[in-house]
Amino acid sequence: MYQTDQLNLLPGVIMSVLFTVLLSTNLSGQGSVAGVVTGAEGETLIAASVFVPGTTKGNFTDLDGGYRLSLPAGTYEIQASYIGYEASSQEVVIIDGKTAKLDFVLATANMFGEEVVVTAQMMGQRSAISQQLNADGIVNVVSEEQIQELPDANAAESIGRLPGVSLKRSGGEANKVVLRGLSDKFSLITLNGVPIPATDANSRGVDLSMFSQSSLAGIEVTKAVTADMDADAIAGAVNLVTRKAPEEREFRVDLGGGYNRLEKDFGQYRVDVRYGRRILNNKLGVQASVNNERLIRSRESFSQGWQIDADSSTQITDLGVNYVDETRGRLGGNLLLDYDTGDGGTIRFNNFYTQTSRDRITSSRDYPVTGDVNYNISDTETINSTLNNSLSGENFLGNGIEITWNLSHAQSVGRSPYDYSMNFQEGGAPETGMRNVPNELLDGPGQALIPLAYNNFRQAFLYGARFSDAENRDRDFIGTVNVKKSFSLSETINGSFKTGAKIRQKRRTREADSQQSLDYLGLPKTFVQLPNGDIVPQDFSATSFNDFTKVGGSNVSLVNFLDATPAQRELLDQYALNPLVNPELAREWAEITRNAVNQQGELFQYVEDLQARTGNYDIQERIYSAYVMTTLDIGEKLRVIGGLRFEREDNEYQGIYAPELGGILRADPSVLQDTTSSYAANYVLPNLHLRYKPEEWFDLRFAATKTLARPDFAMRLPRLEIDRVNRTVSRGNTTIESTVAWNYDVIASFYQSKYGLFTAGVFYKALDNSFYNLNNRRILTQASADELALPTERGTLVGFNLSEPINTDDTKVYGVEFDLQANLRFLPGVLKNLVFRANYSRIQSETNYPRVRIDQDNSEFPPTQTVVQFTEQGKLEGQPENFGNVALGYDLGGFSSRLSVFFQDDFLTTVTSTGLREQSEKGFSKWDFVVSQEIKKIKLIFNVNNITNFSEGQFYNFRGLDRGESKFGVQVDFRVRYTL
């Protein structure tokens, strides 16, 4: 990274652009030939090769099967070819400044002496292979056929079937992708090349579970970016793709339902409708889709707390059991208008909206070794949405010049319109809480604590309740222009120059608030404030709480919120969640007491918790970029792509400075102050791609690229929060730097149409200034507090725990990837209908974590202690070492099926200054089965997700202490698809 002024770098970029343009204008005039390539049944052939035999003049078809070649005037033989189809040749006359139209229809090839029937999975595999082999860079593809024919639960699940991709999960389904062992914040997620704003509250991750696949025409995962792509893609880039409206009218309806085994409930549904056609003599295309889903994503879980002492002794501290009753809704739509311009180009107006709502009732309790028993319920509604609008064009000016441009608006919003929680406590009186725990049970497991609970619900009382609300909003405005000029130096040397510029302006905000009721102090307030401001007596007579039961005359008993016979649930067949608070009674209490106040209107039932506001922020990011790149084909064997990208970020931040939080009883809003900072940096990012193809069956690629990753939104904030009750310090880091990485990739592809595609690759990434959150760093001395530049004018911070984001140097990520996409047509009899895919990735990493320890000198009395700070090498967060997929499909006529498994290792999730309390996520394997049967225009699809009901869990790295696990149950979906 370079921190020099942008004026020192822009002239070089501008001169490079001008040089490219001058070269382009001096080349000879050209004409062009354009058309579409389809199969005999009218199927679109994506990434089909169209070329002039014996030369390097050629191109590949796009997602709509269209192609375009710029050629000097003359007569040419043009050939089109595609995997599994017979090549076809035609003659065309090229005239300067004109575009000749030439379409190809390819017949299915014979294999082993018989005509091949192209089945659903085979077509999807061929399309993906063709796009991968013909891509300029290092790319993996999920084709439209693979998405639509045997659909996964969401886009993230589909991406997880590719090599080098592991998954993060939420609510029983994948929602984030981890490319090559790097957290999702190191990846770029785009829709038709336009970045999708982050959906997370503080990080740059995008929740891909929001995206229904019904409107997608493919997913591209680029592992080595080129200069014309955004550079914030150290791990790689994921592009969700839509295509133009089809030539023939398309109307498709999917209707489906599902069964959740955990809830024993059929209450799920999905509706997808898709329509497309072309009008005005096929000039104007209209494509629209809508989708609506209701899903059950409940889970059961347990957690275990552990005490880890300085002498490395351990003992269990509590068992927690948790049940989440969750339904999810997905609502989305897409409207695409595309117009074919007179120059052979296209103008597109694309609008994409998707929304995911989550309604959760969370019930939990604990079984502590010491202290009171807690019973909890929370009722939460969250809504995440993203809207993308883009106006883009692809125009051909003649003479081999192509201009592409894009104006786009994108916005993601995450909000919690309702979030209410209640806590009840039992203890402090005879025969309440827990019985004495024998020493032999302190080694765990926590299940042994369950029989020791008194479960005296009548003596449990309402300790506190809380309303919370939050909204994060991320909005981008983007303008892009690219100019590309094709050229031909000889029959065997052809290529193109490309240059462009981009402006992206982002506004990112977060607003959160919380109000807490301190019910342990006494009964609720006896008056209520009406919307008009009047204060009237509280009336419980018409509610479920008329003459409610009290504990000790001054607290509200838990039994007021239980059924006549308290409901309970046996979690994971072994953990008692007893009782279950009635959620309707909890919500009724919330509405009754929300505006409760004393008679004078001075003391409200719910008072503001200032800590919720300390994470609020307002961020503006401005990113300017420009690039030049050249693609050169030398003979039929070598392609070279070289480029240089310049990016500048110029950002402004506003956060909250809170040097004194003394607890809710001492809440003083004046301690919260807005504070601002700024950050600017320049980056020069070269890259080089080589593709060498010595044989038709062998392809070798190399890439060296320089990319970057910007810190999570909350990391660079000028924020500070000192909580003197919990003795914690949390702050941002206004000088934290973006990570810059050199990436090296080598991948070899071996392809035979009779057998399929095998690829093997290695990669190495050297990251400078990698960022992460260092949690719970103990401040042991006043000198340490001074060295950390912490404000101590309000009191000492010795003994507090500090959490803050930091940079670390010399991070390395490296690994190998193997991928096999097998065509088994060579097998005898019915076995030839098998379709097989398997991939495996092994990824390792090294980074330096700051540590702290205390050395004690016992040579004198009293002993002296010295704080020693040092670094220790470890693995990156979020990176499983081994992961992969195996899928076996079978097609016969209209029948198609697939059995698949995804597996991954444990991975680190939490880093601490001592290392003792670092946590990891448990590895898992997940099995799925899907089958479909096509009967004329109707397709029946049946999907069994999570066949083995695997568990997600965590553990402390120290001695592998089990932190708990969650299960979501088997999910069964079925749908009927009608296509006209």
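Look above for the structure.
Remember, predicted model here, so these are calculated numbers, not experimental data.

> Now, about the pairing of strand β42 (residues 739-752): what can you tell me, with residues and values included?
On a regular strand, each side chain points to the face opposite its neighbour's, so the side chains alternate between the two faces of the sheet. Pairing of strand β39 (residues 698-709) with β42 involves twelve bridges; the strand directions are antiparallel. Bridge assignment links T705 to a residue of β42, and that residue is N743. Bridge analysis of β42 against strand β43 (residues 756-768) gives 13 bridges, and the strand direction is antiparallel. Paired with V740 across the bridge in β43 is D768. The turn linking β42 back onto β43 is made up of three residues.

> Requested: an account of a nonpolar patch on the surface, with residues and values cited.
Taken together, the side chains of I935, I938, L940, V976, Y978 and L980 present a nonpolar region at the surface, about 480 Å² in accessible area. For the nonpolar patch, the secondary-structure elements that each account for two or more residues are β54 (938-945) and β57 (971-979). Counting through the fold element by element, V976 comes out in strand β57. A relative accessible area of 39% places V976 in the partly exposed class.

> For empty space enclosed by the protein, give the residues involved together with the corresponding values.
The tally for this structure, following the rule as stated, stands at 19 cavities of 30 Å³ or more. Along its surface, the largest cavity is lined by 23 residues, and Q146, R161, R837, A887 and R898 are the ones closest to its centre. Those elements that place two or more of their residues in the lining of the largest cavity are α2 (120-134), β11 (138-143), α3 (144-149), β47 (834-857) and β49 (882-892). Taken as a whole, the second largest cavity holds about 280 Å³ of empty space.

> Let's hear about the pairing of strand β17 (residues 236-241): which residues, and what values?
Among the six residues in β17, six count as buried, and that is most of the element. The side-chain alternation of β17 yields two buried faces, one formed by G236, V238 and L240 and the other by A237, N239 and V241. As paired strands, strand β14 (residues 187-191) and β17 are joined by five bridges and run parallel to one another. Considered in β17, the bridge of L191 is made with L240. Of the strand pairs in this sheet, strand β16 (residues 218-224) and β17 are connected by five bridges, and their pairing is antiparallel. Considered in β17, the bridge of T222 is made with A237.

> An account of the nonpolar core is needed here, citing residue identities and associated values.
Ranked by size, the top nonpolar core spans 52 residues in total, and within it Y367, Y420, M422, F561 and W589 carry the most contacts. Mapped onto this core, the elements with two or more residues apiece are β21 (299-308), β22 (314-340), β23 (346-368), β24 (373-398), β25 (401-426), β26 (461-488), β33 (575-580) and α5 (583-593). If you tally residues by element for this core, the top one is α5, at five residues. Core analysis: the second largest hydrophobic core is formed by 42 residues, A155, L191, A741 and V813 among them.

> Give me the environment of H409: which residues, what numbers.
Of note, H409 is situated in strand β25. On a C-alpha basis, the gap between H409 and P195 in space is 9.8 Å, while along the polypeptide they are 214 residues apart. Beyond its immediate chain neighbours, meaning those up to four positions away, H409 contacts L387, N388, N389, R475, D476 and F477. Side chain to side chain, H409 and R475 meet in a polar contact 2.9 Å long.

Reading the values: the criteria
Residues numbered from 1 in each chain as written. Predicted model: local features only at pLDDT ≥ 70, side-chain atom pairs only at ≥ 80, totals over all residues. Heavy atoms only, no water. Pairing = 2+ DSSP bridges. Helix = DSSP H or I, 4+ residues; strand = E, 2+ residues; numbered from the N terminus. Patch = residues over 30% accessible without salt bridge, like charges linked within 9 Å, V, L, I, M, F, W, Y side chains within 5 Å. Areas by Shrake-Rupley, 256 points an atom, 1.4 Å probe, with all protein chains shown as cover. Salt bridge = Lys/Arg side-chain N within 4 Å of Asp/Glu carboxyl O. Buried < 20%, exposed > 50% of the residue type's maximum accessible area, 1.4 Å probe, protein only. 1 Å grid on protein atoms, 1.4 Å probe; cavity = no way out; pocket = protein on both sides within 12 Å on 5 of 7 lines; lining within 4 Å. Points joined across faces, edges and corners; volume = space filled by probe spheres on them. Core = buried A, V, L, I, M, F, W, Y, C linked by side-chain atoms within 4.5 Å. Contact = heavy atoms within 4.5 Å. Polar contact = N/O pair within 3.5 Å; in protein donor to acceptor, adjacent residues only side chain to side chain.

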